[in-house]
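# Structural features, examined
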Amino acid sequence: MTALVTFKDVHKSYGTLPVLKGVSLTVPEGRVVALIGRSGSGKSTALRCINGLETIQSGTLEVCGRKLHEANCDLRHLRMEVGIVFQSYNLFPHLTVEQNVTLAPRLTGKASQAEAHEIARKVLEQVGLAEKAKAYPEQLSGGQQQRVAIARSLAMQPRVILFDEVTSALDPELTAEVLKTIEQLAQSGMTMVLVTHEMSFARRVADEIIFMHQGVVWETGDGSMFDSPQTPELRQFVGSGL
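Overview of the structure. Computed from a predicted structure; not experimentally measured. Once a new chain begins, its residue numbering starts again from 1 and follows that chain's sequence as written. The model is predicted, so local features are restricted to residues of pLDDT at least 70 and side-chain atom pairs to those at 80 or more, both for listing and for counting; the totals for chains, interfaces and linings are taken over all residues. The basis for the side-chain values is all heavy atoms of the structure; hydrogens and waters are excluded.

Each helix corresponds to a stretch of at least 4 residues labelled H or I by DSSP, and each strand to a stretch of at least 2 residues labelled E; elements are numbered beginning at the N terminus. Within the protein, the regular secondary structure consists of eight helices and ten strands. Taking the principal axes of the C-alpha coordinates as reference, the protein spans close to 50 × 45 × 35 Å. We call a residue buried when its accessible area falls under 20% of the maximum for its residue type, exposed when it is over 50%, and partly exposed in between, using a 1.4 Å probe and counting protein chains only. Scored against the burial criterion, the 242 residues of the protein give a buried share of 51%. Working rule for contacts: check all heavy atoms of both residues, and any pair within 4.5 Å makes them a contact. Counting only contacts in the protein whose residues sit at least 6 apart along the sequence, the fraction spanning at least 24 positions is 66%. Where accessible areas are quoted, they stem from the Shrake-Rupley method and a 1.4 Å probe; at the residue level, only the protein chains shown are allowed to cover. As displayed, the protein has an accessible area near 11,300 Å², and 49% of this comes from carbon and sulfur atoms.

If you want it as structure tokens, here you go:
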């Protein structure tokens, strides 16, 4: 199985503060990997490194065949293959849902106006919002706006999508609708890396769960790792209900 993301002994610091301390992990094509851990454990930093939003100091990081540890890595083309959805939706308020979704494919030259319209139709249907194409962000709930953000990422036909705590600003009902959308994407075979505090969701959807602690990969496994943690740190994390 092809690995789309490979960290090997990756180190990353902010000034004198080390955040990633020798992280090694792989994300095979078609798999869903969930990164869990306390705030400050390095999981969101690791996610942002995959998209080139953060640079690493040492080690190697390959994403979709591109070597991010090399200075001449083409980040523009990387980001056409790696989508990212953030906690904040970052939609343009003056553009309709369809215009938000089609902006990137048109600006990058990936799609003509007619092609972009068809892409928007497909991806909005995929996230259950086809009827909202002409609406503006302010007319949508938070959950709907987050689903538009997911559709916007899908419009670029990425090989990998990253999700960084995408439900942390939503109430439980809206969280459920966004997680359902992500789960449907997982079932379609999309390669995904999720940073999440939704443990039951991670257990249900992720092929592999990676527990990060103090900047390293501390424990890995499938959903059953929550039932029998191998380390006191994971046992405490699971027991705290985070």
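This part takes up the pairing of strand β10 (residues 216-221). Walk down a regular strand and you will see the side chains alternate between the two sheet faces. In this description, strands pair whenever DSSP reports at least two bridges between them. Strand direction decides the pairing type here: strand β9 (residues 208-213) and β10, joined by five bridges, are antiparallel. Of the residues in β10, the one forming a bridge with His213 is Val216. Here β9 folds back onto β10, and the loop between the two strands holds two residues, one of which, Gln214, carries a positive phi near 55°.

Next up on the list: the side chain of Gln145. Following the sequence through the fold, Gln145 ends up in helix α5 (residues 142-154). Once residues lying within four places of it in the same chain are set aside, the contact partners of Gln145 are Tyr89, Leu91, Pro137 and Leu140.

Not every positive phi belongs to a glycine, and Asn90 is a case in point at roughly 55°. Mapped onto the elements of the fold, Asn90 is located in the loop between β6 (82-85) and α3 (97-107). Notably, Gln214 is not glycine yet its phi reads approximately 55°, a positive angle. You can see Gln214 is positioned in the loop between β9 and β10.

Before going further, it helps to spend a moment on the sheet that holds strand β3 (residues 32-36). With respect to topology, six strands assemble into an open sheet ordered β6-β7-β8-β3-β9-β10, the strand pairing being mixed. One side of each edge strand has no neighbouring strand; the edge strands of this open sheet are β6 and β10. Here the average twist between neighbouring strands, direction ignored, is 20°. The pairing of strand β7 (residues 160-164) with strand β8 (residues 191-195) spans five bridges and is parallel. Across the sheet, residue Asp164 finds its bridge partner in β8, namely Val195. Every axis corresponds to a line fitted to the C-alpha atoms, with the helix fit spanning only the stretch in contact, and the corresponding angles, defined between N-to-C directions, vary from 0 to 180 degrees. Sheet contacts for helix α6 (residues 172-187): β3, β7 and β8; angle to β8, the most-contacted strand, approximately 145°. Lying on the sheet, helix α8 (residues 232-239) is in contact with β3, β9 and β10; it crosses β9 at an angle near 105°.

On to the sheet that holds strand β1 (residues 3-14). The four strands lie next to each other as β2-β1-β4-β5, forming an open sheet whose pairing is antiparallel. Either end of the sheet is taken by a strand with one partner, and the two such strands are β2 (17-28) and β5 (66-67). Here nine bridges tie β1 to β2, and the two strands are oriented antiparallel to one another. Its bridge partner lying in β2, Thr6 is registered against Thr26. Helix α1 (residues 43-50) rests against β1, β2 and β4 (58-63) of the sheet, and its axis sits at about 120° to β1.

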